[in-house]
Amino acid sequence: MQTKKQGAQWLIYMVIGLQIAALTGCASKEADNPADNETKASTVRLEFWTPFSGGDNQFMTEMVNRFNKENKEIEVVQVNSRLDDYYSRLKTAIMSGNAPDLAILHQTSLQQFVQNGYIEKLTEPAKQINLDWTGFNKNILDSTMYDGHSYAVPLDTHALVMYYNKSFLRQAGLLDADGNPLMSAGADGFAAFLQKLKASIPPNIAPMAQPSTRIDSVWLWWSLYNQINGGGTFYNEQGTEAVFNNPKALKALTFVDQLYKKQLIPPNINDAFKLFYDGEAAVLITGMWGTGAFEKATNLDFGVIPMPVLFDQPAVWGDSHTIAIPTRHAMTDERKRAALTFAKWCVEHGAMWAEAGHVPSMTKVVAGEPFNSLDYRSAYAATANYVAYWPRHVRQWSIVEILIQEFEKMNYSQQSPEQTLQAAVKRVNTELKK
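Just so it is clear, the model here is predicted, and its values are computed rather than measured.

Caption draft 1: Region of interest: unusual backbone geometry. Of note, N130 is a non-glycine position whose phi angle comes to about 60°, a positive value. When you line up the elements, N130 lands in the loop between α6 (123–128) and α7 (138–142). Judged by relative accessible area, N130 falls into the exposed class, the value being 62%. If you check the backbone angles, N268 has positive phi at about 60° while not being a glycine.

Quick look at the structure:
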């Protein structure tokens, strides 16, 4: 018969035995998969900051996930933020030594990051991964180069295009057999096109949708100003004085103002994008990023063409998303190669990004079957060749905010186009002296 003492000893031995077995089992599992542990230890983990919202964020997330699956030696972790405070947070992170390994930068913002030494020069590092700069669209690439050097890998261009509701244009007799708008050339032809639309569609439908607030009217003005021969000048050669209060700028702005005055653009529109999406506008001039969203509108029969040439030459406002490597943090050559490997992969898989509506930056991608198999995009792909980027100035982002504020006053009939340009130039020159 077993004593209590013997029973207790047996229980202790049993517990110890189970613990040893468990430890042995764990060890054997690790020993069975040494490659897994080695892979985890050798993976380069990169933090990637983006300011995307809506569809853009969805498409970029899909690209990051696919890259990670195809490249086991590199893991990209996307950190997405609101655009509202994205750039201030990024600059703070760089200056404090806590910068991410990669970051999306708009071309408009590159100047201040280059000038302040916030991002790496990529000319030499790109050679190590065989990134060929000659494979990019020249107009897009030139916008990212400073003193002959590339400071960011351009991902796309996203410019204004003209969306139209085929049902309303068909109703007005303004749609040809191929589904394209019937429109006479020039500014007068475009205005007549909208006038005919207005007379033919229900009164609750906007002939053209454009918000009275925010940046849209500024983009439209900049496009038209650059379409006028000799137009598009913003600063003097030294960049110390605004000079866009001139007859050509006024001609472009007066045309924009007349669209509002004649209610070809109805007053007090807040969300023009939603208006068109919901089938309550015949025409919308906005960025290419609308394509991916409008495709999901089940009851919207739409088409899209490049921004119409209303004056002397093709030109349109646009910007580009670029991938840059921030400075001010310890980054080994291995990490830098890994970062550029991801950037190279993104531009080579630009057809995935084009699903959002953007035009890819690499010419071979735009010429390729995956891109051209997408609906709508090829109709405006050539826009990349004549995008009129904002002038390079370290304060351009904040200076555009001044234009928005003054243009809003004009849109609400609080000041004339002449007064708008005078006030905007005065305020910009005050900003330049700070």
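Caption draft 2: How the structure looks around the confidence of the model for the chain. In the predicted model, the chain carries a mean pLDDT of 90, and 91% of its residues have values of at least 70. Of the regions scoring below 50 in pLDDT, residues 1–39 engages in five contacts with residues more than four places distant in sequence or in other chains.

Caption draft 3: Layout of the pairing of strand β11 (residues 316–319). A two-sided burial pattern is seen for β11, the buried positions comprising V316 and G318 on one face and W317 and D319 on the other. Where strand β7 (residues 156–165) and β11 come together, two bridges link them in antiparallel fashion. When the bridges of β11 are listed, H158 appears paired with D319. With two bridges connecting them, β11 and strand β14 (residues 387–388) associate as parallel partners.

Caption draft 4: Structural view of the sheet that holds strand β6 (residues 153–154). An order of β2-β1-β3-β12-β6 is seen for the five strands of this open sheet, with the pairing classed as mixed. The sheet is open, and its two edges are formed by β2 (74–80) and β6, each paired on a single side. Relative to the sheet, helix α3 (residues 54–70) contacts β1 (44–50), β2 and β12 (321–324), its axis offset from that of β2 by approximately 165°. Lying on the sheet, helix α5 (residues 107–115) is in contact with β3 (102–106) and β12; it crosses β3 at an angle near 115°.

Caption draft 5: Region of interest: the packing of helix α19 (residues 396–411) against helix α20 (residues 417–432). Two numbers describe how α19 lies on α20: the axes approach to 9 Å, and their chain directions differ by 155°. Relative to α20, the element α19 is oriented roughly antiparallel. Seen along the crossing, α19 lies across α20 with a hand that is right-handed. Only P417, T420, A423, A424, R427, V428, E431 and L432 of α20 make contact with α19, whose side of the interface consists of S398, I399, I402, L403, Q405, E406, F407 and M410. Grouping the amino acids of the contact of α19 with α20 by side-chain chemistry returns 10 nonpolar, three polar and three charged.

Caption draft 6: The side chain of Q227, seen in detail. Structurally, Q227 is set in helix α10 (residues 216–227). Assessed through its relative accessible area of 0%, Q227 is described here as buried. With residues near it in sequence (within four places) discarded, Q227 still touches M307, P308, V309, L310, F311, D312, Q313, P314 and A315.

Caption draft 7: Summary view of the packing of helix α11 (residues 247–261) against α20. Between α11 and α20, the shortest axis-to-axis distance is 9 Å and the interhelical angle comes to 125°. Classed by the angle they form, the pair α11 and α20 counts as oblique. Note on packing geometry: the crossing formed by α11 with α20 is right-handed. Here A249, L250, L253, T254 and D257 of α11 lie close against α20, whose contacting residues are P417, E418, T420 and L421. For the contact of α11 with α20, the per-class residue count stands at five nonpolar, two polar and two charged.

Caption draft 8: Region of the structure containing the pattern of salt bridges. For the structure shown, the criterion picks out 14 salt bridges. In this structure, R82 and D84 form a salt bridge, with 3.9 Å as the shortest nitrogen-oxygen distance. One salt bridge in this structure joins D142 and K138, with 2.7 Å as the shortest N-O distance. Residue D142 and its partner K138 are located together in helix α7, separated by four residues, close to a single helical turn. Residue classification places D142 among the partly exposed positions, given a relative accessible area of 34%. Salt bridges sharing partners connect three or more residues here, namely R82, D84 and D85.

Conventions adopted
Residues numbered from 1 in each chain as written. Predicted model: local features only at pLDDT ≥ 70, side-chain atom pairs only at ≥ 80, totals over all residues. Heavy atoms only, no water. Helix = DSSP H or I, 4+ residues; strand = E, 2+ residues; numbered from the N terminus. Buried < 20%, exposed > 50% of the residue type's maximum accessible area, 1.4 Å probe, protein only. pLDDT = per-residue confidence, 0-100. Contact = heavy atoms within 4.5 Å. Pairing = 2+ DSSP bridges. Axes fitted to C-alpha atoms, helices over the stretch in contact; angles between N-to-C directions. Parallel < 35°, antiparallel > 145°, perpendicular 65-115°, else oblique. Left-handed = near helix turned anticlockwise from the far one by under 90°. Nonpolar A, V, L, I, M, F, W, Y, C, P; charged D, E, K, R; others polar. Salt bridge = Lys/Arg side-chain N within 4 Å of Asp/Glu carboxyl O.

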